[in-house]
Structure formats: structure tokens, C-alpha cells
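Here's the letter readout for the chains.
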Amino acid sequence: MPNTPQLQAVLHAKCPRCRRGNIYAGPMRLAREQKMNEYCPHCGLRFEIEPGYFYAAMYVSYAFNVAEIVTTSILTFYLSGGSESPWLYIGVIFGIVLIMSPFNLRYSRVVLLHWLSPKVKYNPELDR
Ligand SMILES: [Zn+2]
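A.B. asks: Looking at this structure, how should I read the coordination of the zinc ion?
C.D. replies: Octahedral metal centres with six donors ideally show angles of 90 or 180 degrees, and tetrahedral centres with four donors ideally show 109.5 degrees. Summarising the metal site, the zinc ion is bound by the protein donors C15 (SG), C18 (SG), C40 (SG) and C43 (SG), whose distances to it range over 2.2 to 2.3 Å. Every donor counted, the four donor atoms about the zinc ion form angles of 105 to 115° at the centre, which fits tetrahedral coordination. The sequence motif formed by the donor residues of the zinc ion is C-x2-C-x21-C-x2-C. Residue C15 is located in the loop between α1 (6-11) and α2 (57-79), and its partner C43 is located in the loop between α1 and α2; the two are separated by 28 residues in the primary sequence. According to the relative accessible area criterion, C43 is buried, its value standing at 17%.

A.B. asks: How should I be thinking about α2 in this particular structure?
C.D. replies: Note: α-helices contain 3.6 residues per turn, so residues at a spacing of three or four share the same orientation. The terminal C-alpha atoms of α2 lie 32 Å apart, and with 23 residues this matches the ideal 33 Å at 1.5 Å per residue to within 8%. When we look at burial in α2, the residues that qualify are A57, V60, S61, N65, E68, T72 and T76. Summarising the contacts, the buried residues of α2 are in contact with α3 (86-115). Directly beyond the C-terminal end of α2, a positive phi value near 70° is found at G81.

A.B. asks: Is there a simple way to think about a nonpolar patch on the surface in this case?
C.D. replies: A cluster of nonpolar side chains, Y62, V66, V70, I74, F77 and Y78, forms an exposed patch at the surface whose accessible area comes to about 630 Å². Along the chain, the position of V70 falls in helix α2. You can call V70 partly exposed: its relative accessible area is 44%.

A.B. asks: Whenever I open this one, unusual backbone geometry confuses me. Can you help?
C.D. replies: A negative phi angle characterises most non-glycine residues, just as the trans form characterises most peptide bonds. In this structure, A13 is a non-glycine residue whose phi angle is positive, near 55°. Tracing the chain through its elements places A13 in the loop between α1 and α2. The phi dihedral of R19 is positive, around 60°, even though this residue is not glycine. Along the chain, R19 falls in the loop between α1 and α2. Here R19 falls in the buried class, since its relative accessible area comes to 12%.

A.B. asks: How should I be thinking about the side chain of T4 in this particular structure?
C.D. replies: You can see T4 is positioned in the segment before α1. For T4, the contacting residues outside a window of four places in its chain are A9, R19, R20, Y122 and D127.

A.B. asks: Please explain the packing of aromatic side chains as it appears in this structure.
C.D. replies: In this structure the tally under the stated criterion is four aromatic pairs. Centre to centre, the rings of F77 and Y78 are 5.3 Å apart; their planes meet at 85°, and the pair counts as edge-to-face. By relative accessible area, Y78 is classed as exposed at 62%. Taking the centre distance of 4.9 Å and the plane angle of 40° together, the rings of F103 and Y107 count as tilted. Here Y107 and F103 lie together in helix α3, a separation of four residues that amounts to about one turn. Taking the relative accessible area as the measure of exposure, Y107 reaches 13% and is therefore buried. Feature note: the residues F64, F103 and Y107 constitute an aromatic cluster, connected by ring pairs. The ring of F54 carries R109 above its face, with NZ or CZ at 4.7 Å from the centroid.

Reading the values: the criteria
- Residues numbered from 1 in each chain as written.
- Predicted model: local features only at pLDDT ≥ 70, side-chain atom pairs only at ≥ 80, totals over all residues.
- Heavy atoms only, no water.
- Donors = N, O, S within 2.8 Å, 3.2 Å for Na, K, Ca; no water.
- Tetrahedral: all angles 85-135°; square planar, octahedral: opposite > 155°, others 65-115°.
- Helix = DSSP H or I, 4+ residues; strand = E, 2+ residues; numbered from the N terminus.
- Buried < 20%, exposed > 50% of the residue type's maximum accessible area, 1.4 Å probe, protein only.
- Expected span 1.5 Å × (residues − 1).
- Contact = heavy atoms within 4.5 Å.
- Patch = residues over 30% accessible without salt bridge, like charges linked within 9 Å, V, L, I, M, F, W, Y side chains within 5 Å.
- Areas by Shrake-Rupley, 256 points an atom, 1.4 Å probe, with all protein chains shown as cover.
- Salt bridge = Lys/Arg side-chain N within 4 Å of Asp/Glu carboxyl O.
- Phe/Tyr/Trp six-rings, centres within 6.5 Å; stacked < 30°, edge-to-face > 60°.
- Lys NZ or Arg CZ within 6 Å of the ring centre and 35° of its normal.

Such coordinate-based values are descriptive only and should not be taken to indicate function.
Given below as C-alpha cells:
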């Protein structure tokens, strides 16, 4: 019986209930071009569990952004030999935040569905 590991399902943006159906209709693209499936194509789970459900993904996205900004700041500090120019940091951080925005949008919703939604439970019966 195939049991898909949760981390694999998260990385491939699969449905949290069956770990088979795709949450997104296509590959990762620019933020506004990413289209989510309304229902899981495998088990029929409605991804937007209640109206406005994905507003909660903003908190996850915020956490991703903070982690990226802190990491970028530390790396910029070391790679620039301890530069004190605020414009260097602002420029690099702005670029990284822009580049990472499609990832943040996609995975903030996937993390919300998989790890922060107690109503959605993995059902191994559907994972086949
Ligand atoms: Zn499913």
C-alpha cells in the first residue's frame, strides 16, 4: 500500500488529505499567474475550507519573509565584508523578496493546509 510521506507531499504541493491530487493547476510561476485548483482532482477536498481561508496564509508568508530577510541580511553582511551601506542591504533584500514571492505564495498555502489546518486529516485510504 503506497503511503506518501508528508514532506514529499508538501514539497510537491499535493493535497493534504490524499497526498495525490495537485493543489495547484500548474508549475510555479509569477505570483499572480499561479492558479489553484478549487477541489482536489483525486479526492475532491475543497482546498478553501471556508470563505477567506487563505488570508491565514499571510501569517505563514510573513514568517517565510522574515526568515528570508534575516538570512539575506546575514549573508550580505558576510559576503560584502561587513558593509555598512544601508542601500546595499535594501537593494539585496528587495530583490530576494521579489524573487521569492512565487515560492512564498505557493508554499504558505501548502504549509497552511498541511500543518496548520486541524480540520484536514491525512486519509491513507485515499492515498492510492
Ligand atoms: Zn485529495
